[in-house]
Amino acid sequence: MRKRTRGTAAALAVLAGGALAGATLWQAPARAADWLESAAAPLKGTAVTTTFLDRPGYRAIIKLLPDFEKKTGIKVNYEIVPYENAREKQVLNFTSRGDLTVALVDLVWIGEFAENGWIEPIDGLKGDARITDPNLNLQGFFPLLLDAFGSWGGKVYGLPFDNYSGLLFYNACMLKDAGFDKPPATWEALLKDYAPKLTKADKNQFAFALQSRRGETQSADSFMRVLWPFGGSLLDKNFKSNLNSPESQAGLQFRQDLMKVMPPGVVSFDHNEAVNALAQGQVAMITEWSAFYGTLTDPKTSKLGDCLAVAPEPEGPAGRLPALGGFSLAVASQASDAEKKAAWLFIQWATSEAIARPYVEAGGVSGRTSIYQQPDIKASYKFVEPMVASWQKGVPQYRPRFPAWPAISEVVAEWGSKMMLGETTPAAGAKEIGSRMEGILAKEGYYSGKKALLQ
């Protein structure tokens, strides 16, 4: 089988949400096809092998693959795996000199993949005019995305693909019934003004839900989400814990205050549970990735209909600094020369301005600025304008991108969960995380000068 699926989680499968319904096979514009066909001529019969997730952005690119393969003669082999297994499977492949030629690089894997030499900087590749799109236009990506998802140590390794911004999804009808004609602009307003009127615990209705299940959801989607807007951060400039600073503590205490306006058991909510709580009318608002728009608009998975509305995440005292997530596609260093060239062609095509429209129409989220300037795209997809607004300013290190993050994430997830459950205080939990985190960083060589203080 050229295309395989293994261990696909039901919680991820729902993300597709009918995104591909009605999509038709797309044909590339002649200009793009001519360049691609010419560049690929010496590479016909070469295979590209990569990892995909069971999410709308990957289903969208799969829908467009036949045209790429027809024009280039390059076969694209992919395995669909759950996100939770994607890093481990790729690391094992790279360390055993396996068959992957295109790396799928999460925001928080870029440092690890680059520092271990598993992925190639694009400088050498784009310097070869024979295999580089004359309309590559790196400036056409949102600068935040190219910096956060594709760059490490001053070098670009990957091109942004399947990128997300945290957004405020809300039930406009519930807000209107409570006397509000717009969503909360600030986190303080959400808690103090909106929540009291939207929370009816006796009817199992709540103002808000924050996905907080122990794991990367707790550490990234819940814990980190309340640090940055309140002026806090995980680390200070010397890579010491900043979690007991007044700003970080304000954010973590705010999360505790939110507990009384969220459903019981929210600490066990993953993305699927939070999205479903909004979709079924249990909560009025959630902050979730832009990729969940398809699920919330699909009548098969959502009761919202015209009541669904989307806005940027609320501002905190430090401004609007929303959650940032997503991936880049990078050429694997273990590939042969021919495979590297084929991989580079595929990556350019998959992230190009030329296919941005059909990619978005098939359910994907492009990292290109130009597509979101089109009036019909803005009119058809409610998430576009708030997402673009969120991408104007953000924090590339929303989650640290260094190789130590997976170990630190486990610590944050453990003690962040204990905070929410009331098993420890924000101050005591932060102190525990800080101590363990600094131990990990010391062992990795960040304090001895062995490693640069990059995140």
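On a predicted model such as this, the values are computed, not experimentally measured, just so you know.

**What to know about the overall build of the chain**
(1) Moving on: Helix and strand counts for the chain stand at 19 helices and eleven strands.
(2) Moving on: Relative to the 2.2 N^0.38 estimate, which gives 23 Å for 455 residues, the radius of gyration of the chain is 22 Å and therefore close to what a compact globule would have.
(3) Moving on: Counting only residues that meet the buried cut, the chain has 59% of its 455 residues in that class.
(4) Moving on: In the chain, 75% of the contacts between residues at least 6 apart in sequence involve partners at least 24 apart.
(5) Moving on: For the chain, the exposed surface amounts to about 17,800 Å²; the carbon and sulfur share of it is 50%.

**Some details on the side chain of Ser-222**
(1) Moving on: Within the secondary structure layout, Ser-222 lies in helix α10 (residues 216–223).
(2) Moving on: Here Ser-222 falls in the buried class, since its relative accessible area comes to 0%.
(3) Moving on: In this structure the side chain of Ser-222 is engaged in a polar contact, spanning 2.9 Å, whose partner is the side chain of Ser-212.
(4) Moving on: Beyond its immediate sequence surroundings of up to four residues, Ser-222 is in contact with Leu-210, Gln-211, Ser-212, Thr-217, Arg-255 and Met-420.

**Section: the pattern of salt bridges**
(1) Moving on: If you walk through the whole model with that rule in mind, you get 19 salt bridges.
(2) Moving on: Here Arg-213 ties to Glu-273 by a salt bridge, and the two come within 3.3 Å at their closest N and O atoms. Taken as a pair, Arg-213 in the loop between β8 (206–209) and α10 and Glu-273 in helix α12 (residues 271–279) lie far apart in primary sequence, 60 residues in all.
(3) Moving on: Classification of Arg-213 by relative accessible area gives partly exposed; the value is 34%.
(4) Moving on: Note that Glu-313 is salt-bridged to Arg-225, the shortest N-O span being 2.7 Å. Linking Glu-313 in the loop between β10 (308–312) and β11 (324–331) with Arg-225 in the loop between α10 and α11 (246–258), this pair joins segments that are 88 residues apart in sequence.
(5) Moving on: What makes Glu-313 buried here is its relative accessible area of 1%.
(6) Moving on: Each of Asp-106, Glu-216 and Arg-399 takes part in salt bridges that share partners, so that together they form one network.

**Looking at the nonpolar core**
(1) Moving on: In terms of nonpolar packing, the biggest core is built from 158 residues, with Met-285, Phe-346 and Tyr-372 touching the most fellow members.
(2) Moving on: With residues up to four places along the chain from it excluded, the contact list for Phe-346 reads Val-48, Phe-52, Leu-65, Phe-68, Val-76, Val-102 and Leu-329.

**So, the packing of α11 against helix α19 (residues 426–444)**
(1) Moving on: Where α11 meets α19, the axes come as close as 10 Å, and the angle between the chain directions of the two elements is 125 degrees. Taken as axis vectors, α11 and α19 run oblique relative to one another. Classified by chirality, the crossing of α19 by α11 is right-handed. Side by side, α11 and α19 meet where Gln-249, Leu-252, Gln-253 and Gln-256 of the first sit next to Pro-426, Ala-427 and Ala-430 of the second.
(2) Moving on: Split by residue class, the contact of α11 with α19 holds four nonpolar, three polar and no charged.

**Let's talk about the pairing of β10**
(1) Moving on: The buried fraction of β10 amounts to four of the five residues, a majority that puts the element mostly inside the structure.
(2) Moving on: Bridge count between strand β7 (residues 158–171) and β10: five bridges; the pairing is antiparallel. Note on β10: the bridge partner recorded for Leu-168 is Ala-311.

**Description of the packing of α10 against helix α18 (residues 405–420)**
(1) Moving on: Interaxial distance between α10 and α18 falls to 7 Å at its minimum, and their mutual angle equals 75 degrees. Viewed along their axes, α10 and α18 adopt a mutual orientation that is roughly perpendicular. Between α10 and α18, the contacting residues are Glu-216, Gln-218, Ser-219, Ser-222 and Phe-223 on the first element and Trp-405, Ser-409, Val-412, Ala-413, Gly-416, Ser-417, Met-419 and Met-420 on the second.
(2) Moving on: Looking at side-chain class alone, the contact of α10 with α18 contains six nonpolar, six polar and one charged residues.

**Thoughts on the packing of aromatic side chains**
(1) Moving on: Tallying each qualifying case throughout the model produces 27 aromatic pairs.
(2) Moving on: Between Phe-68 and Trp-349, the aromatic rings sit 4.9 Å apart at their centres with planes inclined by 35 degrees, giving tilted as the arrangement. Of the two residues, Phe-68 is situated in helix α3 (residues 56–72) and Trp-349 in helix α14 (residues 337–350); the sequence distance between them amounts to 281 residues. Trp-349 matches Phe-68 in its accessibility class, with the two residues each being buried.
(3) Moving on: Here Phe-142 and Tyr-372 contribute two aromatic rings whose centre-to-centre distance is 6.1 Å and whose plane-to-plane angle is 40 degrees, an arrangement assigned as tilted. With a gap of 230 residues between them, Phe-142 in the loop between α6 (123–126) and α7 (143–150) and Tyr-372 in the loop between α15 (356–361) and α16 (375–380) connect regions that are remote in the sequence. Grouping residues by exposure puts Phe-142 and Tyr-372 together as buried.
(4) Moving on: The positively charged end of Lys-240 is found above the aromatic ring belonging to Tyr-447, 4.1 Å away from the centroid.

**Observations concerning unusual backbone geometry**
(1) Moving on: At Arg-97, a residue that is not glycine, the phi angle is positive and equals roughly 55 degrees.
(2) Moving on: Examined against the element boundaries, Arg-97 turns out to sit in the loop between α4 (83–95) and β4 (102–106).
(3) Moving on: Positioned with a positive phi, Asp-162 is a non-glycine residue whose angle comes to about 55 degrees.
(4) Moving on: In this fold, Asp-162 is placed in strand β7.
(5) Moving on: In this structure Asp-162 comes out as buried when scored by relative accessible area, which is 3%.

Conventions and cut-offs
- Residues numbered from 1 in each chain as written.
- Predicted model: local features only at pLDDT ≥ 70, side-chain atom pairs only at ≥ 80, totals over all residues.
- Heavy atoms only, no water.
- Helix = DSSP H or I, 4+ residues; strand = E, 2+ residues; numbered from the N terminus.
- Rg over C-alpha atoms; globule rule 2.2 N^0.38 Å.
- Buried < 20%, exposed > 50% of the residue type's maximum accessible area, 1.4 Å probe, protein only.
- Contact = heavy atoms within 4.5 Å.
- Areas by Shrake-Rupley, 256 points an atom, 1.4 Å probe, with all protein chains shown as cover.
- Polar contact = N/O pair within 3.5 Å; in protein donor to acceptor, adjacent residues only side chain to side chain.
- Salt bridge = Lys/Arg side-chain N within 4 Å of Asp/Glu carboxyl O.
- Core = buried A, V, L, I, M, F, W, Y, C linked by side-chain atoms within 4.5 Å.
- Axes fitted to C-alpha atoms, helices over the stretch in contact; angles between N-to-C directions.
- Parallel < 35°, antiparallel > 145°, perpendicular 65-115°, else oblique.
- Left-handed = near helix turned anticlockwise from the far one by under 90°.
- Nonpolar A, V, L, I, M, F, W, Y, C, P; charged D, E, K, R; others polar.
- Pairing = 2+ DSSP bridges.
- Phe/Tyr/Trp six-rings, centres within 6.5 Å; stacked < 30°, edge-to-face > 60°.
- Lys NZ or Arg CZ within 6 Å of the ring centre and 35° of its normal.

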